[in-house]
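Report on the structure
Residue-level listing of the chains:
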Amino acid sequence: MAASRSPLSRLFTVLLAGLLAGLVLAVAALPGNLLLGFAARSAIGSYAALPDSLRTPATPQRSYLYANDGKTLITTFYDVNRTDVALADIAPVMRQAIVAAEDRRFYSHGGADLRGLARALVANVKGGGTEQGGSTLTMQYVRNVLKTDPTRTAEERAAATDPTVGRKIQEIRYASALEQSLGKDEILNRYLNIAYFGSGAYGIAAASQRYFGKLPAQLTLAESALLAGLVQSPDAYSPIDGDSDAALARRSYVLDSMADTGAITAAQAAQAKAEPLTLHPTAQPNGCTAVAQGHDDWGYFCDYLRRWWVTQPAFGATVPEREQALRAGGYTVVTSMDPQVQATAQQQATKVYGYDNKRALPIAAVQPGTGQVLAMAVNRHYSLADNPAGQANYPNTVNPLISGGASVVGYQAGSTFKLFTMLAALESGRTLSTGFDAPAKLPTRYAAEGPGSCDGHWCPANANPDWMDGYRMMWDGFGRSVNTYFVWLAEQVGQDKVVEMAQRLGITFRADTDAAFAKNDAANWGSFTLGVAATTPLDLANAYATVAAEGTYCTPVPVISVTDAKGAKVPVGQPSCKRVLDADVARAATDAARCPVGQQSPYGQCNGGTATGVNEILDGRPVAGKTGSSEENATETFVGFTPQVAVAGIAANPDDPTDSVGSAVQAKVIDAVARVIATAVKGQPEKAFVAPSRELAGEPRRPVERAPVVPDRRSDQDDPRSLLQRWLNRRG
């Protein structure tokens, strides 16, 4: 570190730097023609020998995003914040400002300003301020081209900014060769079209729109000076994303520099400095907000793909590199989105709730055995447009309401989580015929007070005692969604085993409280089987798809294939699957899951369901599924599946979890999801579920006397989260 160097060492370094600077200045004093000749001879030979991207600017190539048919264009990705413009279309004050800010001697040097290099060298050795690079506009242009050239490898692009002497010398040589053949105005124009101005704006056209909402020809002196000042440190100086005070200070520096060069007068500089910072930021729509007209619902799928893309190392070592690859790499992406399934999902979501309804029905469809996401729909416009006063995320939003992420943790999915309890029980050796005389209320070992408690213990209840209470096995316990049966079963298996099963099937705990419960106290998460943890339609659909695929979990993926600009396939997007359940266990769970939808188990044990209309909509085609209602019907959920598709929908208010959607919407959610399934399997051969083994089915026993009924009609989902939370608080 510089602070630890001895005074003698620092003195030696300064003297050495002074000697080197003197040599550089001596070379700089040579006659111009002689200096240019020296530069040309020490360069790579000729302009023709320069990299193609420097001779002919490498225009970033668009990436095309198609539906799974390979023909339906969803959108294109490109560097949306870069549009080349002619020098004549850039305000003269902007041209003057960038020269004054970055390279005062631009019009007099031959590509490399040796005096500037010497000055920077001495300044950097002395320290005490911002490090200076001494790079001319031409050298910066070389660096910008090489570090963004989509035809070069990631390593080659990274080498363009290596802090090495060798890289600097190459930069000087390239810059000198460029200036042998290109005029100054051409170099300045190229520079202004490629420079990064922060806040995602590449090039002056994008920057003027991003910051001031105008064309570059319309920029004022103060605006030009502000933009020119951003180039040195775009992220730090950006008044939108960085420090507005730093941006204004940098603007003053540029204005003073312009006055020093004679581009403007001191009075003009003073007047511009006095102008307040007035921005008119124009939101930069990326490719997902520019989907085909009339299909802004595709934006949610597009955004999910973009989020997936930036996690793939094949497109670069870092997130910025991967984003740049998508915008400039010329990829052809065939996604897994099925236009027909997507259209039906969107139609059904908006049929339940309109675009302007504060409540939403996000729906996701997944293909079992591949993890390919077929549809993502919700009654929202994927748009950055403003919403009416008082409306947060409707009708317009770009939040991932279907897949989760960012601030979206998901929604309670109610009794759909009973699947995980059933799977954990089957895996532990219990059979589908495991019986229990389910009471209307079940006292548990979890301490609780207030409503819903029995003698100081949490006491979950059944929604419809007359229909749910009594001797139940997994078939009719699942079919009728008997809370007390599954709370009892979870206690027998172990709550931690149920939580682990959900995680194994891809349920992600995005809410901090859920994640903490799962990590630190899963064994005491008694209400977990009742679906109190937040989840998303995508996670839920994929978990059920794992069961549909007979225990094979596949990571959700939004693509079928990706081809680069040269036509070569990129090794990404292939199904990433693994067995997480014994096939017979999955078949057994599927067998019980046929009960809720009005179908019959091969063992003939289904005797009632909460979504029996699904069988009629699917015209008797083999289907399974589960309903779920959270406490006071805050949310209503249905997830259904066949061997070919799994679909989940959750009715909720994404902005206000206390706004109960009500039980009346459950039938509409069931109908919506079932019709999406019907579209997904249309034209496909009917495929039957494989029956589980007799060993896992077990031997149904004769019913025993019903337990006494404690009248308490509540929702399908009795959520004791608040009771458990108070219990946890008492425990400290």
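Right above here is the structure, for reference.
Within the chain, the regular secondary structure consists of 29 helices and 19 strands. The proportion of buried residues among the 732 residues of the chain is 55%. Considering only intrachain contacts with a sequence separation of at least 6, the fraction spanning at least 24 residues in the chain is 73%. As displayed, the chain offers around 29,900 Å² of accessible surface, 52% of which is attributable to carbon and sulfur atoms.

Attention now moves to empty space enclosed by the protein. Over the atoms rolls a probe the size of a water molecule, and in doing so it shows where empty space is left. What the rule picks out here adds up to two cavities of 30 Å³ or more. By volume, the largest cavity is sized at about 40 Å³. Within the lining of the largest cavity, the residues separate by chemical class into seven nonpolar, one polar and one charged. Each pocket or cavity is described by its volume, and for the second largest cavity that value is around 30 Å³. Considering the residues around the second largest cavity, the lining is formed by Arg 587, Thr 590, Asp 591, Arg 594, Pro 602, Phe 689, Val 690 and Ala 691. Here the residues of the lining of the second largest cavity are counted per class, giving four nonpolar, one polar and three charged.

Pairing is antiparallel in the open sheet, where five strands are placed in the order E5-E4-E19-E18-E17. In this open sheet, the two edge strands, each paired with only one partner strand, are strand E5 (373-377) and strand E17 (624-629). Sheet twist, expressed as the mean angle between neighbouring strand axes with direction ignored, is 5°. In terms of strand pairing, strand E18 (residues 636-641) meets strand E19 (residues 646-651) through six bridges, oriented antiparallel. Among the inter-strand pairings, Val 639 is bridged to a residue of E19, identified as Ala 648. Each of E17, E18 and E19 is contacted by helix H27 (residues 666-681), which is oriented at about 25° to E18, the strand it contacts most.

Let us look at the state of the cysteines. Scanning the entire structure with this criterion turns up four disulfides. Two residues, Cys 554 and Cys 577, share a disulfide whose sulfurs are 2.1 Å apart. Negative torsions about the S-S bond denote left-handed disulfides, and the value of about 105° found for Cys 554 with Cys 577 makes this one right-handed. Of this pair, Cys 554 sits in strand E14 (residues 552-554) while Cys 577 sits in strand E16 (residues 577-579), and the two are 23 residues apart along the sequence. Judged by relative accessible area, which is 2%, Cys 554 ranks as buried.

With that out of the way, let us pick up the layout of surface pockets. Within this model, the second largest pocket holds a volume of roughly 630 Å³. Gln 412, Ala 634, Asp 656, Pro 657 and Thr 658 are, among the 29 residues lining the second largest pocket, the residues nearest its centre. Per-class residue counts for the lining of the second largest pocket are 11 nonpolar, 11 polar and seven charged.

Bringing the packing of aromatic side chains into the picture now. One pass over the full model with this rule turns up 23 aromatic pairs. On the basis of an interplanar angle of 50° and a centroid distance of 6.5 Å, the ring pair of Tyr 211 and Phe 212 is categorised as tilted. For Phe 212, a relative accessible area of 5% corresponds to the buried category. Measuring from ring centre to ring centre gives 5.8 Å for Phe 509 and Trp 525, while their planes differ by 50°; the resulting arrangement is tilted. With Phe 509 in the loop between helix H22 (495-504) and helix H23 (512-520) and Trp 525 in the loop between H23 and strand E13 (534-535), the pair connects residues that are 16 residues apart, well separated along the chain. Side by side, Phe 509 and Trp 525 carry an identical accessibility label, which is buried. An aromatic cluster of three or more residues is present, and its members are Phe 417, Phe 420, Phe 509, Phe 517, Trp 525 and Phe 528. A cation over a ring is seen here: Lys 184 above Phe 106, with NZ or CZ 4.6 Å from the ring centre.

Moving on, we come to helix H6 (residues 137-148). Over its 12 residues, H6 runs 16 Å from end to end, which matches the ideal 16 Å to within 8%, given 1.5 Å per residue. Extensive coverage of H6 is indicated by the burial of 10 of its 12 residues. Among the structural elements, helix H3 (52-55), helix H4 (92-102), helix H7 (154-159), helix H8 (165-181) and helix H9 (184-194) are those in contact with the buried residues of H6.

Among the nonpolar cores identified, the biggest contains 111 residues, and Phe 420 and Met 422 are the most heavily contacted of them. Discounting residues that sit within four places of it in the chain, Met 422 has contacts with Leu 432, Met 474, Phe 478, Phe 486, Leu 489, Ala 589 and Ala 592. With 57 residues, the next largest nonpolar core counts Ala 195, Phe 212, Leu 226 and Met 258 among its residues.

Let us now look at the sheet that holds strand E3 (residues 332-335). One open sheet holds the four strands; their spatial order is E2-E1-E3-E15, and the pairing between them is mixed. Pairing within the sheet leaves two strands with one partner each, and these edge strands are strand E2 (73-77) and strand E15 (559-563). The average undirected angle you get between the axes of adjacent strands in this sheet is 15°. Bridge count for strand E1 (residues 63-66) against E2 is four bridges, and the pairing is antiparallel. Following the sheet pairing, Tyr 64 is matched in E2 by Thr 76.

The next thing to look at is the pattern of salt bridges. Counted under the stated rule, the structure contains 18 salt bridges. Measuring nitrogen to oxygen at the nearest pair gives 2.7 Å for the salt bridge that ties Arg 504 to Glu 427. Remark: Glu 427 occurs in helix H18 (residues 418-427) and Arg 504 occurs in helix H22; sequence separation between them is 77 residues. Assessed through its relative accessible area of 39%, Glu 427 is described here as partly exposed. Through salt bridges with shared partners, a single ionic network connects Arg 143, Arg 167 and Glu 171.

Rules used throughout
Residues numbered from 1 in each chain as written. Predicted model: local features only at pLDDT ≥ 70, side-chain atom pairs only at ≥ 80, totals over all residues. Heavy atoms only, no water. Helix = DSSP H or I, 4+ residues; strand = E, 2+ residues; numbered from the N terminus. Buried < 20%, exposed > 50% of the residue type's maximum accessible area, 1.4 Å probe, protein only. Contact = heavy atoms within 4.5 Å. Areas by Shrake-Rupley, 256 points an atom, 1.4 Å probe, with all protein chains shown as cover. 1 Å grid on protein atoms, 1.4 Å probe; cavity = no way out; pocket = protein on both sides within 12 Å on 5 of 7 lines; lining within 4 Å. Points joined across faces, edges and corners; volume = space filled by probe spheres on them. Nonpolar A, V, L, I, M, F, W, Y, C, P; charged D, E, K, R; others polar. Pairing = 2+ DSSP bridges. Axes fitted to C-alpha atoms, helices over the stretch in contact; angles between N-to-C directions. Disulfide = S-S within 2.5 Å. Phe/Tyr/Trp six-rings, centres within 6.5 Å; stacked < 30°, edge-to-face > 60°. Lys NZ or Arg CZ within 6 Å of the ring centre and 35° of its normal. Expected span 1.5 Å × (residues − 1). Core = buried A, V, L, I, M, F, W, Y, C linked by side-chain atoms within 4.5 Å. Salt bridge = Lys/Arg side-chain N within 4 Å of Asp/Glu carboxyl O.

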